[in-house]
Amino acid sequence: MKKITTVLLILLLTVAMTACTPQRVDSSGPLSNGPISSQTNPFEDASEVPDGTLGSIGHGPARTNQDENGNKLPFVYQGGVMRIPYEVSASGKAKNVGFLVFVDGIAQPYQTDADPTYRTMHVMNLEENDKKYPFSILFEPVTGKKGDTLSLMIVSVYAPDFIPDMVNTSSYGMYHDTLAAEYELTFEADAQNPSSSDLPHYLQLQNVKQSTQPVTQEYLDSLSIYSGMQDVTLEMLNKQVFAQQFFDGEGGLLSNLHVNQDGTLHITFQIVGYPGARYRSTFYINHEALADGETTSFETVLTKGNVSVIEADLALSQLEDLNTFYVVSTLCNVQELWEDGIFLNKTDSVLLYQ
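All values derive from a computational prediction rather than experimental measurement.

Criteria and cut-off values
Residues numbered from 1 in each chain as written. Predicted model: local features only at pLDDT ≥ 70, side-chain atom pairs only at ≥ 80, totals over all residues. Heavy atoms only, no water. Helix = DSSP H or I, 4+ residues; strand = E, 2+ residues; numbered from the N terminus. Buried < 20%, exposed > 50% of the residue type's maximum accessible area, 1.4 Å probe, protein only. Contact = heavy atoms within 4.5 Å. Areas by Shrake-Rupley, 256 points an atom, 1.4 Å probe, with all protein chains shown as cover. Core = buried A, V, L, I, M, F, W, Y, C linked by side-chain atoms within 4.5 Å. Salt bridge = Lys/Arg side-chain N within 4 Å of Asp/Glu carboxyl O. 1 Å grid on protein atoms, 1.4 Å probe; cavity = no way out; pocket = protein on both sides within 12 Å on 5 of 7 lines; lining within 4 Å. Points joined across faces, edges and corners; volume = space filled by probe spheres on them. Nonpolar A, V, L, I, M, F, W, Y, C, P; charged D, E, K, R; others polar. pLDDT = per-residue confidence, 0-100. Arc of directions from axis to C-beta. Phe/Tyr/Trp six-rings, centres within 6.5 Å; stacked < 30°, edge-to-face > 60°. Pairing = 2+ DSSP bridges. Polar contact = N/O pair within 3.5 Å; in protein donor to acceptor, adjacent residues only side chain to side chain.

## Some points on the overall build of the protein
Link 1 in the chain: Across its full length, the protein holds two helices and 24 strands.
Link 2 in the chain: A total of 354 residues make up the protein; the buried ones form 56% of that total.
Link 3 in the chain: Within the protein, contacts between residues at least 6 apart in sequence are counted, and of these 76% link residues at least 24 apart.
Link 4 in the chain: A total of about 15200 Å² of accessible surface is found on the protein, and carbon and sulfur atoms cover 46% of it.

## As for the nonpolar core
The tendency in soluble globular proteins is for nonpolar side chains to be buried as a group.
Link 1 in the chain: Counting 48 residues, the largest nonpolar core has Leu 100, Phe 247, Phe 283, Phe 325 and Leu 352 as the members making the most contacts within it.
Link 2 in the chain: With five residues, strand β22 (residues 322-331) is the largest single contributor of residues to this core.
Link 3 in the chain: Once you skip the residues sitting within four places of it in the chain, Phe 283 turns out to touch Leu 205, Ile 267, Phe 269, Glu 288, Ala 289, Leu 290, Thr 296, Ile 310, Phe 325, Tyr 326 and Val 327.
Link 4 in the chain: Counting residues in each nonpolar core, the second largest holds 37 residues, with Ile 57, Met 82, Met 124 and Tyr 175 among its members.

## Let's talk about the pattern of salt bridges
Link 1 in the chain: Scanning the model with the defined rule gives six salt bridges in all.
Link 2 in the chain: Notably, a salt bridge pairs Glu 128 with Lys 131, separated by 3.9 Å at the nearest N-O pair.
Link 3 in the chain: You can call Lys 131 partly exposed: its relative accessible area is 38%.
Link 4 in the chain: Because the salt bridges share partners, they merge into one network encompassing Asp 104, Arg 278, Arg 280 and Glu 299.

## Digging into the layout of surface pockets
Link 1 in the chain: Roughly 340 Å³ of internal volume is contained in the second largest pocket.
Link 2 in the chain: Residues belonging to the lining of the second largest pocket are distributed by class as follows: eight nonpolar, six polar and one charged.

## What to know about the confidence of the model for the protein
Link 1 in the chain: Scored by pLDDT, the protein comes out at a mean of 85, with 84% of its residues at no less than 70.
Link 2 in the chain: Note that residues 1-50 has pLDDT below 50 and, in this model, 151 contacts with residues that lie over four places away or in other chains.

## Brief notes about helix α1 (residues 217-227)
Link 1 in the chain: What α1 keeps buried is the set Tyr 219, Leu 220, Leu 223, Ser 224, Tyr 226 and Ser 227. Along the axis of α1, the buried residues cluster in a sector spanning 170°; they form a single face. Every exposed residue of α1 that faces more than 90 degrees away from the buried side is listed here: Gln 217, Glu 218 and Ile 225.
Link 2 in the chain: Against β15 (241-247), β17 (264-273) and β21 (306-315) lie the buried residues of α1.
Link 3 in the chain: Following α1 by one or two positions, Gly 228 adopts a phi angle in the positive range, close to 80°.

## A closer look at the packing of aromatic side chains
Link 1 in the chain: Under the criterion given, the structure shown has 13 aromatic pairs.
Link 2 in the chain: A centroid spacing of 6.1 Å and a plane angle of 75° characterise the contact between Phe 283 and Phe 298, whose relative ring orientation is edge-to-face. Linking Phe 283 in strand β18 (residues 278-285) with Phe 298 in strand β20 (residues 297-301), this pair joins segments that are 15 residues apart in sequence.
Link 3 in the chain: Cluster of aromatic residues (ring-pair linked, three or more members): Phe 247, Phe 269, Phe 283, Phe 298 and Phe 325.

## With respect to the pairing of strand β24 (residues 350-353)
Link 1 in the chain: Residues of β24 alternate between two faces, with Val 350 and Leu 352 on one and Leu 351 and Tyr 353 on the opposite face, all of them buried.
Link 2 in the chain: Relative to β24, strand β16 (residues 256-258) runs parallel, the two sharing three bridges. Within β24, the position partnered with Asn 256 by the bridge is Leu 351.

## Section: the pairing of β18
Where a strand is regular, its side chains alternate between the two sheet faces.
Link 1 in the chain: Buried residues dominate β18, accounting for seven of its eight residues.
Link 2 in the chain: Direction of pairing for β18 relative to β20: antiparallel, over a ladder of five bridges. In the strand pairing of β20, Ser 281 is matched with Phe 298.
Link 3 in the chain: With seven bridges joining them, β18 and β22 adopt antiparallel strand pairing.

## Looking at the side chain of Ser 136
Link 1 in the chain: Here Ser 136 is to be found in strand β11 (residues 133-139).
Link 2 in the chain: One polar contact links Ser 136 to Arg 83, side chain to side chain, over a distance of 3.2 Å.
Link 3 in the chain: Other than its neighbours up to four places away in sequence, Ser 136 contacts Arg 83, Ile 84, Pro 85, Gln 111, Thr 112 and Asp 113.

## Notes on the environment of Met 236
Link 1 in the chain: In this structure, Met 236 sits in the loop between α1 and β15.
Link 2 in the chain: Placed 38 residues apart in sequence, Met 236 and Tyr 274 show a C-alpha to C-alpha distance of 8.7 Å.
Link 3 in the chain: Among all residues touching Met 236, those that are not within four sequence positions of it are Met 229, Asp 231 and Phe 242.

## Some words on unusual backbone geometry
Link 1 in the chain: Backbone geometry places Asp 104, a non-glycine residue, at a positive phi of 50°.
Link 2 in the chain: Along the chain, Asp 104 falls in the loop between β6 (96-103) and β7 (106-107).
Link 3 in the chain: The phi torsion at Asp 130 lies on the positive side, around 60°, for a residue other than glycine.
Link 4 in the chain: Here Asp 130 is to be found in the loop between β10 (122-125) and β11.

Right under this line is the structure:
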């Protein structure tokens, strides 16, 4: 087994629109905090936080998981409900935090010791700055066979309760940035999914289609504008991953969109980059996964010179007045590609309001 050097779990929140570069961490890795600058978010009052920062966040396993030589050991699934003791520490405005969990890139409904309801995100409001808060993540894996070792990803989302009201705010700024920790999960028993009565009630997508289209110069130019880079080239796509989302053809730097109360919204998601990277992408409304039947996470393998496209229709009658939409893409073949730091990509949150 590869010996993985422990990496400090640090979140530096920015509004950059390039691909995310989360960190692979040892499952025995320590908590560490990084500053969140108030200057990147015009909607925050930083007066409550020392030194003009909004805060910081870190998270990791509550108990060590390593052999006698200090090497990382995977988490082990032995059947039934699995429990992972975990902990989170935060300060300032970062004390409102939610967690998403993925197994082999598939959105994983889970419980906590404080909330027995299966959800794809549980949200916490921490009281004290820089205090470690323990909690447990409980779940029955959605995938996996005896003998498998799969990626287990635990992703924090900063200030998930924030949503623009279209009166005082109209975009998310730095809110909803992520901090991803990737571990391994070894199966000593076959996964047995939670019963359907325990699963969340997923809003449904319609007419889901997947395809590829060639990368053109026009497309590269659009990526350059979207990412804020001077030039995105074909060569850059060999080592980086970019994703964009469109609504009835409108996208790019879109931060909010007025939608009807009925009819459908056509969603187009594009992901391009590192050839051979196998991603699963999950669409979210208000931090709960959208589904096509029982399928919540759509797999695509990136190929050289091509854009992978997922299209779907969303019935607008399912929505509330204010709705946060985003897509999270998680890398499945992490063992092959993790050193390049491309294993998680979250699109910017977009407000769909009626």
